[in-house]
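# A look at the structure
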Amino acid sequence: MNKFRKEHMMTNCPNCGGINIGRLNKYSYFCRECFVEVAITRKNHIYVYIHSEDGMITRRIKVG
Ligand SMILES: [Zn+2]
């Protein structure tokens with residue numbers, strides 16, 4: 001009954017394509033090049049969160 005679970009590993013930023021992306025926690029990453037947060041849902045949908053200068057999330061874009 002063991003189902004193979006492939007963990008989604010983000011190696012490139014889906015917003016800018018940069019590789020300077022660091023892991024925040026199991027389901028989210030942060031790009032240090034374009035300063036967006038990338039979140040992966042349990043269903044492997046990928047969202048990009050764009051923050052404003054005061055740290056508020058201003059836009060959420062579905063990229064995958
Ligand atoms: Zn980026």
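Residues numbered from 1 in each chain as written. Predicted model: local features only at pLDDT ≥ 70, side-chain atom pairs only at ≥ 80, totals over all residues.

## Structural notes on unusual backbone geometry
- Even without being glycine, Phe-35 reaches a positive phi, approximately 55 degrees.
- Note that Phe-35 resides in the loop between β2 (28-31) and β3 (36-40).
- Using a count of 12 C-beta atoms within 10 Å as the deciding quantity, one classes Phe-35 as exposed.
- In this model, Asn-44 sits at a positive phi of 65 degrees, which is unusual for a non-glycine residue.
- Along the chain, Asn-44 falls in the loop between β3 and β4 (46-51). (Helix = DSSP H or I, 4+ residues; strand = E, 2+ residues; numbered from the N terminus. Buried ≥ 20, exposed ≤ 12 C-beta atoms within 10 Å, placed from the backbone.)

## So, the pairing of β3
- Sheet topology places β2 next to β3; three bridges connect them, and they run antiparallel. Its bridge partner lying in β3, Ser-28 is registered against Ala-39.
- Between β2 and β3, which pair antiparallel one after the other, the connecting turn spans four residues, and Phe-35 there sits at a positive phi close to 55 degrees.
- Between β3 and β4, which pair antiparallel one after the other, the connecting turn spans five residues, and Asn-44 there sits at a positive phi close to 65 degrees. (Pairing = 2+ DSSP bridges.)

## A few points about the sheet that holds β3
- The strand order β1-β2-β3-β4-β5 describes an open sheet built from five strands, whose pairing is antiparallel. A single partner strand is all that each edge strand has here, and the edge strands are β1 (21-25) and β5 (57-62). In this sheet, adjacent strand axes meet at a mean angle of 25 degrees when their direction is disregarded.
- In this structure, β1 lies alongside β2, joined through four bridges in antiparallel fashion. Residue pairing for β2: Arg-23 is matched across the bridge by Tyr-29. (Axes fitted to C-alpha atoms, helices over the stretch in contact; angles between N-to-C directions.)

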